[in-house]
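Chain by chain, the residues run as shown.
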Amino acid sequence: PKDAILEMNNERFAVPEVLFCPSMVGMNQTGIDGAVKDSIEMLTPDLHSLLYSTVVCVGGHANIPNYTERVHSAVRRNAPGDFEVYVPKALQSADESVWRGGVRLAASGKLDQIWVTKQEYEEKGGLLCRQKMKEVEDCLSSKGRKSNTNNNSASGKKA
């Protein structure tokens, strides 16, 4: 009917909460924070600090209000106390960010420059990975600023 009203009580809060506590609906599995921890712990301990400091939320769930903050809080509780935990807010649509990031990386021509061989990793560790990714990030960021400046100039806008 035209005047139908759907009353919602705690459902709008409880549904996203299931992502962190699946047992609320009888599911015997870990939540998002546990999945992050389990995934990181499957890898070599040398990478744990790096991975806790680069948790990225993508996909439709990342559009839930305060989701990123909640992920940060939950992951922080599970992470070792001396590790930095960083869960940044997406700068672009969470639904498309992984695709766009992969496209930008592939188009940058920098992919071959960030490969790290097993020997390089064993000699220099995770710091080498961070350095190489930072170089690519800086390159991609400057290209993004240049293309925005060019686009704005073409339309007569000042950057």
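Details of the structure are given in the entry above.
Residues numbered from 1 in each chain as written. Predicted model: local features only at pLDDT ≥ 70, side-chain atom pairs only at ≥ 80, totals over all residues. Heavy atoms only, no water.

## Quick look at the packing of helix H2 (residues 32-41) against helix H3 (residues 45-52)
And step 1. Across the interface, H2 lies against H3 with an axial gap of 9 Å and an inter-helix angle of 145 degrees. Taken together, the residues of H3 that come into contact with H2 (itself represented by Lys37, Ile40 and Glu41) are His48, Leu51 and Tyr52.
And step 2. Residues of the contact of H2 with H3, tallied by class, amount to three nonpolar, one polar and two charged. (Axes fitted to C-alpha atoms, helices over the stretch in contact; angles between N-to-C directions. Helix = DSSP H or I, 4+ residues; strand = E, 2+ residues; numbered from the N terminus. Contact = heavy atoms within 4.5 Å. Nonpolar A, V, L, I, M, F, W, Y, C, P; charged D, E, K, R; others polar.)

## With respect to helix H5 (residues 97-108)
And step 1. Counted at 1.5 Å a residue, the expected span for H5 with its twelve residues is 16 Å, and the 16 Å between its end C-alpha atoms agrees.
And step 2. Every buried residue of H5 is listed here: Ser97, Leu105 and Ser108. Seen end-on, H5 carries its buried residues on one side only, within an arc spanning 65 degrees. The outward face of H5, more than 90 degrees from its buried face, is lined by the exposed residues Trp99, Ala106 and Ala107.
And step 3. In the segment just after H5, Gly109 is the residue with positive phi, at about 75 degrees. (Expected span 1.5 Å × (residues − 1). Buried < 20%, exposed > 50% of the residue type's maximum accessible area, 1.4 Å probe, protein only. Arc of directions from axis to C-beta.)

## Some details on the nonpolar core
And step 1. Grouped together as the largest cluster of nonpolar side chains are 15 residues, with contacts concentrated most on Tyr52, Cys57, Tyr67, Val71, Val75, Val85 and Val87.
And step 2. Where this core is concerned, the elements lending two or more residues are H2 and helix H4 (67-78).
And step 3. Tallying contributions element by element places H4 first for this core, with four residues.
And step 4. Non-local contacts of Tyr67, meaning those with residues more than four positions away in its chain, are made with Leu19, Phe20, Ile32, Cys57, His61 and Ala62. (Core = buried A, V, L, I, M, F, W, Y, C linked by side-chain atoms within 4.5 Å.)

## Some points on a nonpolar patch on the surface
And step 1. On the surface, Met24, Val25 and Met27 cluster together into a nonpolar patch covering about 280 Å² of accessible area.
And step 2. Mapped onto the fold, Met27 is located in the loop between helix H1 (11-17) and H2.
And step 3. Met27 sits in the partly exposed class, given a relative accessible area of 37%. (Patch = residues over 30% accessible without salt bridge, like charges linked within 9 Å, V, L, I, M, F, W, Y side chains within 5 Å. Areas by Shrake-Rupley, 256 points an atom, 1.4 Å probe, with all protein chains shown as cover. Salt bridge = Lys/Arg side-chain N within 4 Å of Asp/Glu carboxyl O.)

## So, the packing of aromatic side chains
And step 1. Under the counting rule described, the total for this entry stands at two aromatic pairs.
And step 2. Their ring planes at 50 degrees and their centres at 5.9 Å tell us that Phe20 and Tyr67 sit as a pair that is tilted. Here Phe20 is found in the loop between H1 and H2, whereas its partner Tyr67 is found in helix H4, with 47 residues between them in sequence.
And step 3. Given the relative accessible area of 10%, Phe20 is considered buried.
And step 4. Each ring, one from Tyr52 and one from Phe83, has its centre 5.9 Å from the other, and the planes form 50 degrees; the classification is tilted. One end of the pair, Tyr52, is in helix H3; the other, Phe83, is in the loop between H4 and H5, and 31 residues separate them in sequence.
And step 5. Residue placement shows Arg70 over the ring face of Phe20; its charged tip is 4.2 Å from the ring centre. (Phe/Tyr/Trp six-rings, centres within 6.5 Å; stacked < 30°, edge-to-face > 60°. Lys NZ or Arg CZ within 6 Å of the ring centre and 35° of its normal.)

## Observations regarding the environment of Glu69
And step 1. Residue placement: Glu69 occurs in helix H4.
And step 2. For Glu69, a relative accessible area of 34% translates into the label partly exposed.
And step 3. Linking Glu69 and Val87, residues 18 residues apart in sequence, is a C-alpha distance of 7.6 Å.

## Some words on H2
And step 1. For H2, the complete set of buried residues consists of Asp33, Gly34, Val36 and Ile40. For H2, the arc enclosing every buried residue in end-on projection is 160 degrees, short of the 170-degree limit, so these residues lie on one face.
And step 2. In this structure, the buried residues of H2 make contact with H3 and H4.

## So, the pattern of salt bridges
And step 1. Under the definition given, this model contains three salt bridges.
And step 2. A salt bridge links Arg70 to Glu17; the shortest N-O distance between them is 2.5 Å. Taken together, the residues Arg70 in helix H4 and Glu17 in helix H1 connect sequence positions 53 residues apart.
And step 3. Exposure remark for Arg70: the relative accessible area of 26% places this residue in the partly exposed category.
And step 4. Taking the shortest distance from any N to any O, the salt bridge between Glu122 and Lys118 comes out at 3.8 Å. Here Lys118 and Glu122 lie together in helix H7 (residues 118-124), a separation of four residues that amounts to about one turn.
And step 5. A residue is classified by how much of its surface remains accessible, and Glu122, at 57% relative accessible area, is exposed.

That is the geometry; function is a separate question.
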